[in-house]
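Coordinate analysis (summary)
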Amino acid sequence: MTKPTDALSKVLSYVDSPFKLFALLLMAVFAFSGYFVWQNQAFLFEAYKENKKLPMIAEDRAEDVAAHLFKNSDAIVVAIFKVNPLFGTRVLHRAYTREGRDKTHDGLDVGLFTQSSANNRDVVALMANEMPCSEYAVAQSEIGLWYIEKGVTFGCRVSVPPEQGRFVGQITVGWAKEPIDLNKAQSMLQIASTMLSKSKQ
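Let us look at the structure shown here. Note that this is a predicted model, so its numbers are computed, not measured.

Structural notes on the overall build of the protein
Helix and strand content of the protein: seven helices and six strands. Along the chain direction, N to C, the helices and strands of the protein fall in the order α-α-α-α-β-β-β-α-β-α-β-β-α. When the 201 residues of the protein are sorted by exposure, 36% land in the buried category. Nonlocal contacts in the protein, meaning residues at least 24 apart in sequence, comprise 56% of its contacts between residues at least 6 apart.

Focus: the state of the cysteines
Taken as a whole and assessed by the stated rule, the structure comprises one disulfide. Between the sulfur of Cys133 and that of Cys156 lies a disulfide, 1.9 Å long from S to S. Taking the torsion about the S-S bond as the criterion, the Cys133 to Cys156 disulfide, at about 115°, is right-handed. With Cys133 in strand 4 (residues 133-135) and Cys156 in strand 5 (residues 154-160), this pair connects stretches of sequence that are 23 residues apart.

Considering the sheet that holds strand 6 (residues 169-175)
The strand order across the open sheet formed by six strands is 3-2-1-6-5-4, and the pairing between neighbours is antiparallel. What marks the edges here is a single partner per strand, and that holds for strand 3 (100-101) and strand 4. Bridge count for strand 2 (residues 89-97) against strand 3 is two bridges, and the pairing is antiparallel. By the bridge assignment for strand 3, Tyr96 is matched with Arg101. Lying over the sheet, helix 4 (residues 62-73) contacts strand 1 (77-84), strand 2 and strand 6, oriented at roughly 55° with respect to strand 2. Of the strands in this sheet, strand 2, strand 5 and strand 6 are in contact with helix 5 (residues 117-127), which crosses strand 5 at around 40°.

A closer look at the packing of helix 4 against helix 7 (residues 182-195)
Running from N to C, helix 4 and helix 7 cross one another at 170°; their axes reach a closest spacing of 10 Å. If you check the angle between helix 4 and helix 7, you find them roughly antiparallel. Residue-level contacts link Asp64, Val65, His68, Leu69 and Asn72 of helix 4 to Lys184, Met188, Leu189, Ile191, Ala192 and Met195 of helix 7. Residue composition of the contact of helix 4 with helix 7, by class: seven nonpolar, two polar and two charged.

With respect to helix 4
Its twelve residues place the ends of helix 4 16 Å apart at the C-alpha level, agreeing with the 16 Å of an ideal helix rising 1.5 Å per residue. Turning to helix 4, its buried residues number three or more, namely Ala62, Val65, Ala66, His68, Leu69, Phe70 and Ser73. Looking at the buried side of helix 4, the elements it contacts are strand 1, strand 2, strand 6 and helix 7. Following helix 4 by one or two positions, Asp74 adopts a phi angle in the positive range, close to 60°.

Examining the layout of surface pockets
Estimated volume of the largest pocket: approximately 230 Å³. What lines the largest pocket is a set of 13 residues, and nearest its centre among them are Ser73, Asp74, Trp175, Pro179 and Ile180. Take the lining of the largest pocket: its biggest share by element is three residues, from helix 4. Partitioning the lining of the largest pocket into residue classes produces five nonpolar, two polar and six charged.

Side note on unusual backbone geometry
A cis geometry characterises the amide bond from Val160 onward to Pro161, with omega recorded as -10°. Locating Pro161 in the fold gives a position in the loop between strand 5 and strand 6. Backbone geometry places Asp74, a non-glycine residue, at a positive phi of 60°. As for its position among the elements, Asp74 is in the loop between helix 4 and strand 1. Residue Asp74 is classed as exposed on the basis of its relative accessible area of 59%.

So, how was this worked out
- Residues numbered from 1 in each chain as written.
- Predicted model: local features only at pLDDT ≥ 70, side-chain atom pairs only at ≥ 80, totals over all residues.
- Heavy atoms only, no water.
- Helix = DSSP H or I, 4+ residues; strand = E, 2+ residues; numbered from the N terminus.
- Buried < 20%, exposed > 50% of the residue type's maximum accessible area, 1.4 Å probe, protein only.
- Contact = heavy atoms within 4.5 Å.
- Disulfide = S-S within 2.5 Å.
- Pairing = 2+ DSSP bridges.
- Axes fitted to C-alpha atoms, helices over the stretch in contact; angles between N-to-C directions.
- Parallel < 35°, antiparallel > 145°, perpendicular 65-115°, else oblique.
- Nonpolar A, V, L, I, M, F, W, Y, C, P; charged D, E, K, R; others polar.
- Expected span 1.5 Å × (residues − 1).
- 1 Å grid on protein atoms, 1.4 Å probe; cavity = no way out; pocket = protein on both sides within 12 Å on 5 of 7 lines; lining within 4 Å.
- Points joined across faces, edges and corners; volume = space filled by probe spheres on them.

Structural data, given as C-alpha cells:
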C-alpha cells in the first residue's frame, strides 16, 4: 500500500514546470466542481424548479408603465428591475427619463441585499408589500449614482406584483423634489405595479 507521503512526493516531482502546475490546479478545480454538483444535485434541481415557478414581470408593458408614471406623477426618472429572490439578484431591465429610454446601465445586477442598510430596509419593506419613500441624497448603488446625476432628490419603490411574498420585480421612481401629493404619487405607483404584472397578450 502506498503511503500518503509517497503519493505526495510523486505528485510534487511531477510538477516541474508552471504549465504542469496550472494543469494540476485546473484538474483539481474540475474535480471539486464535479463533486460539488454531484453531492448537491437534488438541491440544485429543487432550486431550478422553484425558480421556474416564480412569476415574471410583463416586459411588454415597460414603456406603458414609464409613460403612465411620467404623465401622472411628475417623475423625472423611472427604473424597472427584474428580481429573483432565490438567487438574490436585482437586474435593471429598463431605465427612463422624460427624454426617453436610457440604456447606459441595462442588464446591470445591483444585487438584492447589499452593504447599504438603507437599501436593505427598503428591500424588506418591498417583500412585505410596503412602498418605501424617502429623500435620496446618498447613492445606494451604481444605479443610484445615475439617479442623482439626473437630479433625483426624493424616491419611492414598489414591488411587482403588488402582493406580499411574490417579489419578482421592482419599480423605482425619482422626483426632483418630494411630490406635493405623495398619496396620489403612491397610488400611481400601485397602478404601475399592477400594469407590470399583467401582459397585454
